[in-house]
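Read off the chains here:
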Amino acid sequence: MSLPEPSSDSIALVTGASSGIGEQFARQLSELGHRVALVARREDRLAQLAEELGGPDRAVAISADLAVPADRDRLAAQIDELGPQVEILVNNAGFGIYQPFPQAGRDAELQQVRVLVEAVVDLMARYLPGMIERGRGAIINVSSTAAFQALPYNAAYAAAKAHGLLLSEGVHAEAKEHGVTVTAVCPGPVPSGFQEASEAGYIAEKLPNFTFVPPERVARDAIRAAARGRISVIPGGPKVRLAYGPNRKLPRWLVLPISKRLMTRG
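Draft legend 1. Fine view of the pairing of strand β5 (residues 137-142). Among the 6 residues in β5, 6 count as buried, and that is most of the element. What you see with β5 is no split at all: G137, I139 and N141 on one side and A138, I140 and V142 on the other are buried throughout. Examined bridge by bridge, strand β4 (residues 85-91) and β5 share 4 bridges and lie parallel to one another. Each bridged residue has a counterpart across the sheet, and for N91 the counterpart in β5 is N141. As defined by bridge partners, β5 adjoins strand β6 (residues 180-185) across 6 bridges and the pair is classed as parallel. Each residue of the ladder has a partner; that of A138, found in β6, is T181.

Draft legend 2. Representation of the packing of helix α1 (residues 20-31) against helix α2 (residues 43-52) within the structure. The interhelical angle for the contact between α1 and α2, taken along N-to-C directions, is 25°, at an axis separation of 11 Å. It follows that α1 is roughly parallel to α2 by the angle criterion. Here α1 runs over α2; the crossing is right-handed. Contact residues: α1 offers E23, A26 and R27, while α2 offers R45, L49 and E52.

Draft legend 3. Looking closely at the packing of helix α3 (residues 69-82) against helix α5 (residues 106-134). One way to put it is that α3 packs onto α5 with a least axis distance of 11 Å and a crossing angle of 30°. The handedness of the crossing between α3 and α5 comes out as right-handed. Taking contact as the criterion, the partners of P69, R72, D73, L75, A76 and I79 in α3 are, on α5, R114, E118, A119, D122, L123, R126 and Y127. In terms of residue class, the contact of α3 with α5 is built from 7 nonpolar, no polar and 6 charged.

Draft legend 4. Structural detail: the sheet that holds β5. Across the sheet, which stays open at both edges, the 7 strands sit in the order β3-β2-β1-β4-β5-β6-β7 with parallel pairing between neighbours. At either margin of the open sheet sits one strand with a lone partner, and together these are β3 (59-63) and β7 (232-233). Bridge count for strand β2 (residues 36-40) against β3 is 5 bridges, and the pairing is parallel. Note on β3: the bridge partner recorded for V39 is I62. α2 rests against β2 and β3 of the sheet, and its axis sits at about 175° to β3. Docked against the sheet, helix α6 (residues 155-175) engages β5, β6 and β7, running at close to 160° with respect to β6.

Draft legend 5. Spotlight on α2. Within α2, burial applies to R45, L46, L49 and A50. Down the axis of α2, the buried side of the element spans an arc of 135°, and every buried residue falls inside it. Looking at α2, the residues exposed on the side facing more than 90 degrees away from the buried face are E43, D44 and E51. Of the surrounding elements, those touching the buried residues of α2 are α1, β2 and β3.

Draft legend 6. Focus on a positive patch on the surface. Taken together, the side chains of R220, R224, R228, R230 and R241 define a basic patch exposed on the protein surface. The residue R230 is located in the loop between α9 (215-227) and β7 in this model. Judged by its relative accessible area of 36%, R230 falls in the partly exposed class.

Draft legend 7. Representation of the environment of E216 within the structure. Relative to the helices and strands, E216 is located in helix α9. Of the residues examined, E216 reaches a relative accessible area of 37% and is grouped as partly exposed. Those residues in contact with E216, other than ones at most four positions away along the chain, are Q24 and Q28.

About the criteria used
Residues numbered from 1 in each chain as written. Predicted model: local features only at pLDDT ≥ 70, side-chain atom pairs only at ≥ 80, totals over all residues. Heavy atoms only, no water. Buried < 20%, exposed > 50% of the residue type's maximum accessible area, 1.4 Å probe, protein only. Helix = DSSP H or I, 4+ residues; strand = E, 2+ residues; numbered from the N terminus. Pairing = 2+ DSSP bridges. Axes fitted to C-alpha atoms, helices over the stretch in contact; angles between N-to-C directions. Parallel < 35°, antiparallel > 145°, perpendicular 65-115°, else oblique. Left-handed = near helix turned anticlockwise from the far one by under 90°. Contact = heavy atoms within 4.5 Å. Nonpolar A, V, L, I, M, F, W, Y, C, P; charged D, E, K, R; others polar. Arc of directions from axis to C-beta. Patch = residues over 30% accessible without salt bridge, like charges linked within 9 Å, V, L, I, M, F, W, Y side chains within 5 Å. Areas by Shrake-Rupley, 256 points an atom, 1.4 Å probe, with all protein chains shown as cover. Salt bridge = Lys/Arg side-chain N within 4 Å of Asp/Glu carboxyl O. Lys, Arg positive; Asp, Glu negative; His and termini not counted. Charge placed at Lys NZ, Arg CZ, Asp CG, Glu CD.

Read these as geometric descriptors, not functional statements.
The structure is reproduced here in structure tokens:
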């Protein structure tokens, strides 16, 4: 099993493509010869990136807020107008809330779920059937090592990423016999501005430097994993896998106090 070959009638759709991991997915898929559809809210940055990647014949910028169903419908309509089939889907868009659950507020928590859960399910449901019908395709869902355990003060984010991980694994088992790869990518901390944007820089200060994996490596490891038909990957190599992998198997009574201390501010 491998990634679909680039062709004139196919496109790779990358959400959260304006910076960080999403931008690297777009750049690396473009380097492999794929035309890419760049999706994010920052229209100016998307337009700049599309131009850097070769203009309309190589990259198309589509501004959309994936928390809004109407924007997702408009995104799909624009893809339909372009003509090519989505044969690679990268669900990368996201943000995190790092506060006690009652403190963030209902609207913010629901928006997080809409981006991290609802949008992922929506786009998979739109494009997976066509991949299965054609017998080729790849879906890469960017989850997180946060998915491996409950995280106090980051509870809904961790739960949403766990949803993405389990959804990916279940659908992978369904789709692989049809020639389609679904791969969950579970990075740890990434120096991409995500923690700062989410006001979570305090967590990074508590983690060893070797666990930080740059966006370029995350995208590269993810694309390689998808090309090999892998169900999931922790980017960054053996040391990073050893640091985070066991969390998924350790008992809650052991993990929860540790994760609570890690996630507590100060």
